[in-house]
Amino acid sequence: MYIIHNGKIITEEKILEASAVVVEGEFIQAIIPEDAIPNYPGAELINARGGYISPGFIDIHSDYIEGIVSPRPTSMMDVHISLREAEKILISHGITTMFHSLSFYREDVFTHKPMRYPENAQRLVDAIDATHHELHLIRHRLHARFEIDNIDQVDRLVANIKSDKVHLLSFMDHTPGQGQYRDLEVYRQTLLGYQDLTDSDVQTIIDKRQSSTYLTIEKIKEVADIALSRGISIASHDDDDIKKLELVQSFGTTISEFPITLEVAMKAKEMGLQTIAGAPNVLLGGSHSGNLSAAEAIEHGCIDILCSDYYPAALLHAIFTLSEKYGNDLHRIFMMVTLNPAKAVRMDDEIGSIKPGKKADILVIERMDDGYPMLTATMVNGAIITTTNYRTK
């Protein structure tokens, strides 16, 4: 039995002081007044030293694993080694449940990562599935990001869904001229950032992408229905138009990832969709592709969830940046990386908050004198995974 004490507990309702968390086995047993600690003789005490006692972070959109598996355009590391190495990094940032966001492209015009070849992506899908039956540090889940022109891979996607290897499904459309790349100049500059191309080369790529054949709405709905029947949440991606919101909601979408404008984000909230923004957007002061500012959208109350997107460290730092730089309620921001994403992927009955009966996924977060957040202890399923001791010399 563990008792985590001397900290500010992030509960579902508020930040609770002068209390402690009792953990027994895999579960949170109770939240007690600190003066009741002597009633639990023999319990091992974990001193939060005045820091925050938070639920573990739940990251439902991050392609970070792609860079670990394929660190160079011509390199493909072993997927099992990569997952083991990645989870050591992820837990150090407080991520106790990771939805690895694998992109299933027909053709990746930007980087030509070997990780995005269908056979290699499937190896990683299978490796993520295998972690459910092996020793591991964090929960690994699969977020299948399916590009809607990837017609040849639909059957494989459906097979993975039916084999319970997919835990979140999003449909993507990266066609230049809409969505994330509605500004063609941003698309051009993004291509040039990855490859040495002439203006003619860029235009050829744009023309080819704009003339691609896509899945029909009927086929998308068919695949979505299969996922929904298995309890899998559906997300849309880069919503840039209110009509698109209405369309995606018609086939069961409950999550809007990275709405492009404030107007669309506000409408998505009004329609009952759960909205996601990237934590790196907060740290950068805006979107890297010139779209919605996450901090502005949060100020307007139209973002529910923060994800790490491509930079795992961003979750922890975004919490305090949004509170201290932008004046947001700290408890509300903690919910964006814990309970809200758990609800979005239908896991809130098990994880996402410090509540008796739930799995004990718990973080201790202290602050340096300059405000830098230090993650000094992590617990997953009631087991202490890491302790970190900062020093002055």
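About the thresholds
- Residues numbered from 1 in each chain as written.
- Predicted model: local features only at pLDDT ≥ 70, side-chain atom pairs only at ≥ 80, totals over all residues.
- Heavy atoms only, no water.
- Core = buried A, V, L, I, M, F, W, Y, C linked by side-chain atoms within 4.5 Å.
- Buried < 20%, exposed > 50% of the residue type's maximum accessible area, 1.4 Å probe, protein only.
- Helix = DSSP H or I, 4+ residues; strand = E, 2+ residues; numbered from the N terminus.
- Contact = heavy atoms within 4.5 Å.
- 1 Å grid on protein atoms, 1.4 Å probe; cavity = no way out; pocket = protein on both sides within 12 Å on 5 of 7 lines; lining within 4 Å.
- Points joined across faces, edges and corners; volume = space filled by probe spheres on them.
- Nonpolar A, V, L, I, M, F, W, Y, C, P; charged D, E, K, R; others polar.
- Pairing = 2+ DSSP bridges.
- Axes fitted to C-alpha atoms, helices over the stretch in contact; angles between N-to-C directions.
- Phe/Tyr/Trp six-rings, centres within 6.5 Å; stacked < 30°, edge-to-face > 60°.

J.: Sorry if this is basic, but what is going on with the nonpolar core here?
T.: For soluble globular proteins, the rule of thumb is that nonpolar side chains tend to be buried together. In terms of nonpolar packing, the biggest core is built from 39 residues, with F57, L306, I319, F320, F334 and I365 touching the most fellow members. Looking at which element gives the most residues to this core, the answer is helix α12 (residues 314–324), with 7 residues. V79, L83, V154 and L169 belong to the second-largest nonpolar core, a separate cluster that totals 34 residues.

J.: Teacher, can you tell me more about the environment of D348 here?
T.: Relative to the assigned elements, D348 resides in the loop between α14 (339–344) and β14 (362–367). By relative accessible area, which is 29% here, D348 ends up partly exposed. For the pair D348 and T338, spaced 10 residues apart in the sequence, the C-alpha separation amounts to 9.1 Å. Excluding residues within four positions of it along the chain, D348 makes contact with L339, A342, K343 and K358.

J.: Is there a simple way to think about empty space enclosed by the protein in this case?
T.: If a probe as big as a water molecule is rolled over the atoms, it shows which places are left empty. Counted by the stated rule, this structure contains 2 cavities of 30 Å³ or more. Estimates place the volume of the largest cavity at around 100 Å³. Counting only elements with at least two residues in the lining of the largest cavity, the list comes to β8 (139–147) and α4 (154–162). Counted by class, the lining of the largest cavity contains 8 nonpolar, 3 polar and 2 charged residues.

J.: Even after reading the chapter, I still don't get the sheet that holds strand β13 (residues 305–307), so can you show me in this structure?
T.: Strand pairing within a sheet occurs via backbone hydrogen bonds; the two strands may be parallel or antiparallel. Overall, parallel pairing links the 8 strands, which are arranged β6-β7-β8-β9-β10-β11-β12-β13 in an open sheet. Both edges of this open sheet fall to β6 (57–62) and β13, since each of them pairs with a single strand only. Ignoring strand direction, the axes of neighbouring strands in this sheet form an average angle of 25 degrees. Across the sheet, helix α2 (residues 79–92) touches β7 (95–104) and β8, and the angle it forms with β7 is around 130 degrees.

J.: What exactly am I supposed to notice about the pairing of strand β5 (residues 52–55) here?
T.: One ladder, built from 2 bridges, connects strand β1 (residues 2–10) with β5; its direction is parallel. Paired with I9 across the bridge in β5 is I53.

J.: Can you walk me through the packing of aromatic side chains in this structure?
T.: Where two aromatic rings form a pair, the distance of their centres and the angle of their planes describe that pair. This model, assessed by the stated rule, comprises 4 aromatic pairs. For the pair Y52 and F334, a centre-to-centre distance of 5.9 Å together with 40 degrees between the ring planes defines the contact as tilted. Residue Y52 is located in strand β5, and its partner F334 is located in helix α13 (residues 330–336); the two are separated by 282 residues in the primary sequence. Across this residue pair, the class does not change: Y52 and F334 are buried. The interplanar angle of 90 degrees and the centroid separation of 6.1 Å between the aromatic rings of F320 and F334 together place this pair among those described as edge-to-face. Here the residue F320 occupies a position in helix α12, and F334 occupies one in helix α13, the gap between them amounting to 14 residues. A relative accessible area of 4% means that F320 is categorised as buried.

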